[in-house]
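# Survey of secondary and tertiary structure
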Amino acid sequence: MSLTVPTPHINAQKGDFAKTVLMPGDPLRAKYIAETYLENVKQVTSVRNVLGFTGTYKGKEVSVMASGMGIPSISIYSYELFEGYGVENIIRVGTAGAMNKDLKIGDIVVGMGACTNSAVIKESGLKGFAPIADYNLLHTLCLVAEKHETKVKVGNLFSSDLFYGSGEDFVQKWSSVGTLAVEMEAAGLYLNAAKLGKKALAICTISDSLVTGEATTSEQRQTSFNEMMILALETAISL
Ligand code: HPA
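These lines cover the structure that appears in this document, whether it is placed above or below. Values in this document were obtained by computation on a predicted structure and should not be read as measured data.

## Some details on the overall build of the protein
The secondary structure content of the protein amounts to seven helices and nine strands. Over its C-alpha trace the protein gives a radius of gyration of 17 Å, about what one expects of a compact globule, namely 18 Å for 239 residues. Dimensions of the protein along its principal axes, counting C-alpha atoms only, are 45 × 40 × 30 Å. When each of the 239 residues of the protein is scored for burial, the buried share is 51%.

## Considerations on the site of the ligand
Neighbouring the ligand are Thr-95, Ala-96, Gly-97, Phe-163, Val-182, Glu-183, Met-184, Ser-207, Asp-208 and Leu-210. Contacts to the ligand include Gly-97, whose backbone N or O atom sits 3.3 Å from a nitrogen atom. Starting from 260 Å² of accessible surface for the ligand in isolation, the protein chains cover 88%. Cavity membership is defined here by more than half of the atoms lying within 2 Å of grid points; on that basis the ligand lies in the largest pocket. Residue contributions to the shell around the ligand peak at three residues, all from strand S5 (residues 89–98). Among the residues making up the shell around the ligand, the classes are represented as five nonpolar, three polar and two charged.

## With respect to the nonpolar core
Ranked by size, the top nonpolar core spans 66 residues in total, and within it Phe-17, Leu-22, Leu-81, Tyr-190, Leu-201 and Ile-203 carry the most contacts. Ranked by residue count, the leading element in this core is helix H7 (residues 218–238), at eight residues. The residues touching Leu-81, leaving out its near neighbours within four places in the chain, are Ile-10, Phe-17, Val-21, Met-23, Met-65, Gly-86, Val-87 and Ile-90. The next biggest cluster of nonpolar side chains, apart from the first, holds six residues, and it includes Met-99, Phe-170, Val-171 and Val-182.

## Some remarks on the packing of helix H1 (residues 27–37) against H7
It is the contact of H1 with H7, at a shortest axis distance of 12 Å, that shows an interaxial angle of 70°. Between H1 and H7, the interaxial angle falls into the category roughly perpendicular. Considering the relative orientation of H1 and H7, their crossing is right-handed. Touching Arg-29, Tyr-32, Ile-33 and Tyr-37 of H1 are Arg-221, Gln-222, Phe-225, Asn-226, Met-229, Ile-230 and Leu-233, all from H7. Residues belonging to the contact of H1 with H7 are distributed by class as follows: seven nonpolar, two polar and two charged.

## Quick look at the pattern of salt bridges
Going through the model one piece at a time under the given rule, you end up with seven salt bridges. Of the charged contacts, one joins Glu-88 and Lys-198 as a salt bridge, the two residues approaching to 3.1 Å between their closest N and O atoms. Placement of the pair is Glu-88 in the loop between helix H2 (71–85) and S5 and Lys-198 in the loop between helix H6 (186–196) and strand S9 (199–209), with a sequence separation of 110 residues. The class of Lys-198 is buried, set by a relative accessible area of 16%. Between Arg-92 and Glu-183 there is a salt bridge, with the nearest N and O atoms lying 2.8 Å from each other.

Conventions adopted
Residues numbered from 1 in each chain as written. Predicted model: local features only at pLDDT ≥ 70, side-chain atom pairs only at ≥ 80, totals over all residues. Heavy atoms only, no water. Helix = DSSP H or I, 4+ residues; strand = E, 2+ residues; numbered from the N terminus. Rg over C-alpha atoms; globule rule 2.2 N^0.38 Å. Buried < 20%, exposed > 50% of the residue type's maximum accessible area, 1.4 Å probe, protein only. Near = heavy atom within 4 Å. Polar contact = N/O pair within 3.5 Å; in protein donor to acceptor, adjacent residues only side chain to side chain. Areas by Shrake-Rupley, 256 points an atom, 1.4 Å probe, with all protein chains shown as cover. 1 Å grid on protein atoms, 1.4 Å probe; cavity = no way out; pocket = protein on both sides within 12 Å on 5 of 7 lines; lining within 4 Å. Sits in = over half its atoms within 2 Å of the grid points. Nonpolar A, V, L, I, M, F, W, Y, C, P; charged D, E, K, R; others polar. Core = buried A, V, L, I, M, F, W, Y, C linked by side-chain atoms within 4.5 Å. Contact = heavy atoms within 4.5 Å. Axes fitted to C-alpha atoms, helices over the stretch in contact; angles between N-to-C directions. Parallel < 35°, antiparallel > 145°, perpendicular 65-115°, else oblique. Left-handed = near helix turned anticlockwise from the far one by under 90°. Salt bridge = Lys/Arg side-chain N within 4 Å of Asp/Glu carboxyl O.

None of this, on its own, says anything about what the molecule does.
Put into structure tokens, the structure is as follows:
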């Protein structure tokens with residue numbers, strides 16, 4: 001580990017994080033996850049209100065911490081977790097916009113890979129690098145999903161630096177090569193994990209469709225979010 005703790009953006013102490021951290025984008029989501037699914041919860045960091053918690057799920061230690069929005073943000077937090085706190089696995093639990101016409105609101109997608117328009121690849125001197133999930137995390141999640149009879153769609157995500165103004169042919173172009181959905185973090189997380197010899201996976205529920213223009217109702221959001229969280233937590237304690 002090359003960073004001393006507390007790190008610039010996380011004010012936790014050494015040993016405060018479990019080996020596996022679940023990362024939603026939203027700090028209040030992190031708090032909700034900790035309060036809803038974990039026992040013996042302790043808040044371990046609050047810098048910039050980017051909240052992090054450690055607790056237990058079925059008796060095993062798991063942490064949850066927000067990533068913020070976008071690749072620069074998740075790059076900072078995942079780097080500090082991996083390099084400062086010895087975290088081994090990060091599972092992003094987020095939302096994504098469907099680019100595939102067969103995906104419905106609330107479906108769960110898993111990023112086997114993550115294409116990106118972000119400069120992080122080039123700036124790392126790795127032009128052409130293909131960010132991919134850790135196979136063991138992906139495999140474990142798929143086994144958990146099968147056991148729980150939860151349908152997931154595994155494939156490519158697109159991690160965009162833009163939420164607005166991606167261009168008119170964006171959806172057509174990326175869906176034509178089978179890309180499932182767009183979000184804003186997975187590729188940065190996968191790149192950091194690859195650089196540092198760590199493991200990462202991104203799971204997202206579909207919150208809106210760029211194909212149909214549909215958006216989530218709060219009820220759909222809660223049900224599918226719960227299914228995704230069970231998959232992520234069961235995966236975390238199986239590693
Ligand atoms: N674009 C980018 N990120 C997203 C979207 C989107 O449409 N929906 C959920 N996360």
